[in-house]
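Structure at a glance
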2 protein chains.
Amino acid sequence: MTHPLYNASVPVFKQMLGGLDAILAKAEAHATEKKIEPDALLQARLFPDMFTFVRQVQIACDFAKSVPARLAGIDVPSYEDTERTFAELHARIAKTLAFVDGIDAAKFTGSDQREIVLRPGTPKEKRFDGQAYLLGYGLPHFFFHVTTAYALLRHNGVEIGKNDYMGA
Amino acid sequence: MTHPLYNASVPVFKQMLGGLDAILAKAEAHATEKKIEPDALLQARLFPDMFTFVRQVQIACDFAKSVPARLAGIDVPSYEDTERTFAELHARIAKTLAFVDGIDAAKFTGSDQREIVLRPGTPKEKRFDGQAYLLGYGLPHFFFHVTTAYALLRHNGVEIGKNDYMGA
């Protein structure tokens, strides 16, 4: 039997990254069809001090890789934030998916009690046990960025629906 | 020890409903301070065929009450969708929180295997076991509406931050 925190993380991140990739594909097709400059979507924001679509996708990937990695007690891979095109964002999602998919479920043994320390030694240091880290922190942050990416595309007229978001 | 699906539902919904209530309070204060017609926020949409802010809050509450109720095998309370003011939305969140808080954790025993049937007997019928229902369906839908409510307010200039959303 897999650990409950494996079940609540790896399959969830995989499903939603699939959805994120699907809305990205529809955004790209929309831009091509309507002859829209890709950056009109990629660099879109819902408000001037919010992150761009590109950044929302990057951060969603960051939570998707770092949360299960920390629960499993393995190193979080570091990605440079250099993506500027639809193709590069697809690639980032693909490498995130491959990483998440490759995490050994057995490493989640004891993860609910594992101490997770974010930004250690800084004034913003945060400590959690694994369960609180995933359920009260990691998932809410991850869904925030996936949904905001979706909302940005919808706001800009890309024809996507909740089924796309759901990655079903 | 509480059931893993209790841990992944009741405390998560409570935390995020707290956040939803907090951003609602800030939206109301913003409208008062800037002399904004409340409906400019309450009836705002990110795109014409998306739901209004009021509807996003209603639906978030619907997932927050129905998902843990179905997992616990108890009746889902029915709420009429009549809210038209900030005060009425606060009240809806409050009654949802009270309901969720009152669910007996012991009723989650066996919930991972419990069969959940949505829209039974209709062409849109969906069947899940409890685990798939919560993790692959209920949480993604819930977070979608909470985040969209947040995005709507941010897009309209309400000064809220991710800490508000997180309900911390």
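Criteria and thresholds
Residues numbered from 1 in each chain as written. Chains lettered and ligands numbered in written order. Predicted model: local features only at pLDDT ≥ 70, side-chain atom pairs only at ≥ 80, totals over all residues. Heavy atoms only, no water. Contact = heavy atoms within 4.5 Å. Buried area = accessible area lost by both parts, 1.4 Å probe. Salt bridge = Lys/Arg side-chain N within 4 Å of Asp/Glu carboxyl O. Polar contact = N/O pair within 3.5 Å; in protein donor to acceptor, adjacent residues only side chain to side chain. Nonpolar A, V, L, I, M, F, W, Y, C, P; charged D, E, K, R; others polar. Axes fitted to C-alpha atoms, helices over the stretch in contact; angles between N-to-C directions. Helix = DSSP H or I, 4+ residues; strand = E, 2+ residues; numbered from the N terminus. Parallel < 35°, antiparallel > 145°, perpendicular 65-115°, else oblique. Left-handed = near helix turned anticlockwise from the far one by under 90°. Least-squares fit on C-alpha atoms with pLDDT ≥ 70 in both. Core = buried A, V, L, I, M, F, W, Y, C linked by side-chain atoms within 4.5 Å. Buried < 20%, exposed > 50% of the residue type's maximum accessible area, 1.4 Å probe, protein only. Expected span 1.5 Å × (residues − 1). Pairing = 2+ DSSP bridges. Phe/Tyr/Trp six-rings, centres within 6.5 Å; stacked < 30°, edge-to-face > 60°. Lys NZ or Arg CZ within 6 Å of the ring centre and 35° of its normal.

- In the nomenclature of an unreviewed UniProt entry, chain A is known as DUF1993 domain-containing protein of Dokdonella soli.

1. Overview of the interface of chain B and chain A
- Listed by partner, the interface residues are 31 residues for chain B and 31 residues for chain A.
- For the pair chain B and chain A, the summed buried surface comes to about 2800 Å²; carbon and sulfur atoms form 68% of the total.
- It is F144, R154 and K162 of chain B in chain B that bury the most area against chain A; as a group they hold 21% of the surface buried on that side.
- Taking the shortest distance from any N to any O, the salt bridge between D49 of chain A and R154 of chain B comes out at 2.9 Å.
- Summed over the shared surface of chain B and chain A, the result is 13 residue pairs in polar contact (both at pLDDT 80 or more).
- The residue makeup of the side of chain B that touches chain A, split by class, is 18 nonpolar, 10 polar and 3 charged.

2. As for the packing of helix α2 (residues 10–33) of chain A against helix α5 (residues 86–101) of chain A
All names here are of chain A.
- Running from N to C, α2 and α5 point in directions that differ by 165 degrees, and their axes come no closer than 10 Å. The orientation of α2 with respect to α5, classified from their angle, is roughly antiparallel. Regarding α2 and α5, the two cross each other, and that crossing is left-handed. Side by side, α2 and α5 meet where V10, F13, K14, L17, L20, D21, L24, A25, A27, E28 and A31 of the first sit next to F86, L89, H90, I93, T96, L97, V100 and D101 of the second.
- Here the residues of the contact of α2 with α5 are counted per class, giving 13 nonpolar, 2 polar and 4 charged.

3. Observations concerning the relation of the copies chain B and chain A
- Mapping chain B onto chain A calls for a rotation angle of 180 degrees and an axial translation of 0.0 Å; the resulting RMSD is 0.0 Å. Each copy turns onto its partner about a two-fold axis.
- Looking at chain B, 100% of its interface residues are interface residues in chain A too, so the copies touch through the same face.

4. Some points on the nonpolar core
- F142 of chain A together with F142 of chain B are the most contacted members of the largest nonpolar core, which has 115 residues in total.
- Sequence-distant contacts of F142 of chain B, that is, excluding residues within four places in its chain, are made with F13, M16, L17, A60, F63 and A64 of chain B.

5. Concerning helix α2 (residues 10–33) of chain B
Residues and elements named next belong to chain B.
- Between its first and last C-alpha, α2 extends 35 Å over 24 residues, near the 34 Å set by a 1.5 Å rise per residue.
- Where α2 is concerned, the buried positions are V10, V12, F13, M16, L17, G19, L20, I23, L24, A27, H30 and A31.
- Just past α2, the residue K35 takes up positive phi, approximately 55 degrees.

6. Section: the pairing of strand β1 (residues 115–118) of chain B
All names here are of chain B.
- Side-chain alternation along β1 places I116 and L118 on a buried face and E115 and V117 on a face that remains uncovered.
- Pairing of β1 with strand β2 (residues 126–129), which is carried by 4 bridges, proceeds in the antiparallel orientation. Residue L118 lies in a different strand from β2, and its bridge partner there is K126.

7. What about the packing of α2 of chain B against helix α6 (residues 130–155) of chain B?
All names here are of chain B.
- Two elements in contact, α2 and α6, have axes whose closest approach is 10 Å; the angle formed by their N-to-C orientations is 15 degrees. In terms of orientation, α2 lies roughly parallel with respect to α6. Between α2 and α6 lies a crossing whose hand is left-handed. Residues V12, F13, M16, L17, L20, I23 and A27 of α2 pack against L134, L139, F142, F143, V146, A149, Y150 and L153 of α6.
- A per-class count over the contact of α2 with α6 returns 15 nonpolar, no polar and no charged.

8. A closer look at the packing of aromatic side chains
- Considering all chains together, one arrives at 21 aromatic pairs over all chains under this definition.
- Summarising the aromatic geometry, the rings of Y133 of chain A and Y137 of chain A are spaced 5.8 Å apart at their centres and angled 20 degrees between planes, so their arrangement reads as stacked. One end of the pair is Y133 of chain A and the other is Y137 of chain A, both in helix α6 (residues 130–155) and 4 residues apart, which spans about a single turn. In terms of burial, Y133 of chain A and Y137 of chain A fall into one category: buried.
- Each ring, one from F143 of chain A and one from F143 of chain B, has its centre 4.8 Å from the other, and the planes form 10 degrees; the classification is stacked. Of this pair, F143 of chain A sits in helix α6 while F143 of chain B sits in helix α6, on two different chains.
- The exposure class of F143 of chain A is buried, given its relative accessible area of 0%.
- A network of ring pairs unites the aromatic residues F13, F142 and F143 of chain A together with F13, F142 and F143 of chain B as a single cluster.
- A cation sits over an aromatic face here: R55 of chain A above F51 of chain A, 5.7 Å from the ring centre.

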